[in-house]
Each structure stands twice: as structure tokens, then as C-alpha cells.
Amino acid sequence: MILVCGEALVDLVPQEDGGLWRAVPGGGPANAAVALTRLGEEAALVCRLSGDVFGRQIRAHLVERGVDLEWAVAAREHATMAVVGLDADGAAEYSFYLQGTADWQWRPEELPEPSEDVRAIHTGSLAAALEPGAGVLREWARSHRDRVVIFHDVNARPAVGLDRAAFTEGAGRWMDVAHVVKVSDEDLAWLEPGRDPVTVAERLVVRHELDLLLLTRGGDGAVALSARWGDHVSVPGAPVSVRDTVGAGDTFGAAVLARLSDLGYLDRPGKLAALAPGTAGEVLEFAAGAAALACTTEGADPPDRAGVERFLRGTPGGR
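It should be emphasised that the depicted structure is a prediction, and the values quoted were computed from it without experimental measurement.

Procedures and definitions
- Within any chain, residue numbers begin from 1 and follow the written order of that chain's sequence.
- The model is predicted, so local features are restricted to residues of pLDDT at least 70 and side-chain atom pairs to those at 80 or more, both for listing and for counting; the totals for chains, interfaces and linings are taken over all residues.
- Here the side-chain values reflect all heavy atoms present in the structure, with hydrogen atoms and water set aside.
- Helix and strand definitions follow DSSP, with helices as H or I runs of at least four residues and strands as E runs of at least two, each counted in order from the N terminus.
- Here a helix's expected span is defined as the number of its residues, less one, multiplied by 1.5 Å.
- Partly exposed describes any residue whose relative accessible area lies between the buried limit of under 20% and the exposed limit of over 50%, with all areas from a 1.4 Å probe on protein chains only and scaled to the type maximum.
- One side-chain nitrogen of Lys or Arg within 4 Å of one carboxyl oxygen of Asp or Glu is enough to make a salt bridge.

**Section: helix 7 (residues 248-262)**
Between its first and last C-alpha atoms helix 7 spans 21 Å; for 15 residues at 1.5 Å apiece the expected length is 21 Å, and the two agree. In terms of burial, helix 7 is largely enclosed, as 13 of its 15 residues are buried. Looking at the residues trailing helix 7, positive phi occurs at G264, about 90°.

So, in C-alpha cells, the structure goes:
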């Protein structure tokens, strides 16, 4: 079982005529939980779900896709909304409506004690950055890092109006908790403008003594780094016809955890220390293929495991 902790919101996705938006359940952690189930992993979403019309839609969406909601909190606040905009290349931009909404109001007593079958906790995105809940989630994750693998997706959202210095400090605190960190070149371009993202990633992986740092570079592929290696590993992007990039990063992170699970590296946190660069490259290839397929459909619609495996073999009909 993998626990995914964070927001489950509604994305308002533009339709082709440009004048209408469709309400689609989303949120980075919710997307990651769905992606994990599609890839054959048991996933539970630790979230705060509103009882309003959007909250009910989100709950139905997650249940239908096999996400365990045993630890979902029934929240009194309204659901969060994100309005999605797409540029000419299908890249997604977001505007958020989140003041006082359900996802950020965590209290320590709402968070579960992970059962013995939990092998990893996936955190990140806005729930890991917005107070009052972010600090509560971080201390909860810290309290369990000796027993389960902690994965953190930085997923910076400057459109929310976050203070750059405060977000950078918070991301650093999460990196001190996590064993595995995912960050995109866009994240690093906002956190440290004008600097080469691989150079920044090399510094972060050493400073925070990370077992694994994953740098995604969109169509240019991905890079894996470890504090225990002398060099980094990279894979190229998988060429696809892009519909939009909504949920691609979430799918990448989920696929990393799914492949690490396949290979036995989630059995206990200490096993990640033995991860070799060649094996990390295999993990990157699987995750890059899954993320590429996620870009071929509208909205957050991650592929299943069979589809990823067909795609990586070059078999037609990858979805």
C-alpha cells in the first residue's frame, strides 16, 4: 500500500470551442493516487474531501478508479478549484481558487498511523506548501520516515501567489524529510532563476543527502541523481502527439514509485541506498513512458501498466 497525501480538487478544463470549461476531478496528489492504481499498486489518498457538489464528484471519481478513501476526512469547507489554461503546445497553466477551502486545514488528529502494509508515503504539491496544513503534514511524514519511504513532489505553483523565499525554505524542509524527491526544471527555474537546473539539482541532492532526486525536463526527458553516486543518469523524452500536459508530472512520480515497488526498493527505506545508476535508468524509462502517454489524452488520464509496457516495447496502441 502507498499512501498519497494532499489535495483533491476540481480542474476546470477548457473545451475546444474556447468558450466552455469542463469540471474534471484533479489535484496533483489525487492524480498520483489514480495513476498508482492504474499501474497496479494499492493506493490510499489521505485527503480532506468537501461534501459540496464538487467534493461529491471528486469522491465518486476516486472510488470509481479504485483509490482507497479509508483515511479521507469529511471536511466542512468547500472544494478547491483550479482553472486550467493551455498554451499552443498543450502545456498547462493554472489559476487557483483556494481561500479557506478544504485541502489546507489539516489537524494532527486527522492524520492516520500507517498500517504495517504501508511501504511509502507520497507528499507534495500545494498541500505541502500552504498553511496551516503544510507544517502538520511535514511533521507527520517526518515521524514515519524511519519505517516507510517518503517521496516528495516539489511541484511549485507560482500562480497561487506563494512567496518565493518562503516556498524555497519549505521545500528545503521537505527535502530533509524525504528519501526521494521529484522536481521539474520549471520548478527550479522559479526557485533559482537563471541557473542550470542540473547544477541546482546536483547541489540539492548533496545538501539534503537524498537517496534519489528526479529532475523532469518535459519533452527533453528526465535525470536521476543520488548523494551516493558520482554522476547522474538521464533518459530522453518519449516522442508523442501531445494533447495536453495535465497530470503528466503526477503520473511520472507515481510510475517511479510503482517501478521501485516492482524492484523491491520500497520494502524498507534503507534499501534505496543500494539503488544502482543502471537500475535508476530503468526506473526513469518506465516513468518517462508513463508520463508521455498521459500527455496524449485530455486532462489527468494516466495510462495503465499494460499500456506503458506496450508503449515501451514500441507496440502500437500504447494506451
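**Focus on the pattern of salt bridges**
Side-chain pairs of opposite charge can arise where the charged atoms are in close proximity. Counted by the stated rule, this structure contains 17 salt bridges. The partner of E169 in a salt bridge is R173, and the shortest N-O contact between them spans 2.8 Å. With E169 and R173 both in helix 4 (residues 164-177) and four residues apart, this pair spans about one turn of that helix. Under the relative-accessibility criterion, E169 is labelled partly exposed at 45%. Its relative accessible area of 39% is what places R173 among the partly exposed residues. Linking E282 and R259 is a salt bridge whose minimum nitrogen-to-oxygen distance equals 2.4 Å. Here E282, found in helix 8 (residues 277-294), pairs with R259, found in helix 7; they are 23 residues apart in sequence, far enough to count as distant. Judged by relative accessible area, E282 falls into the partly exposed class, the value being 33%.

**What to know about the environment of A127**
Of note, A127 is situated in the loop between strand 9 (120-124) and helix 3 (133-144). Under the relative-accessibility criterion, A127 is labelled buried at 2%. Through-space distance from the C-alpha of A127 to that of D301 is 21 Å; in sequence the pair is 174 residues apart.

Keep in mind these values describe shape, not function.
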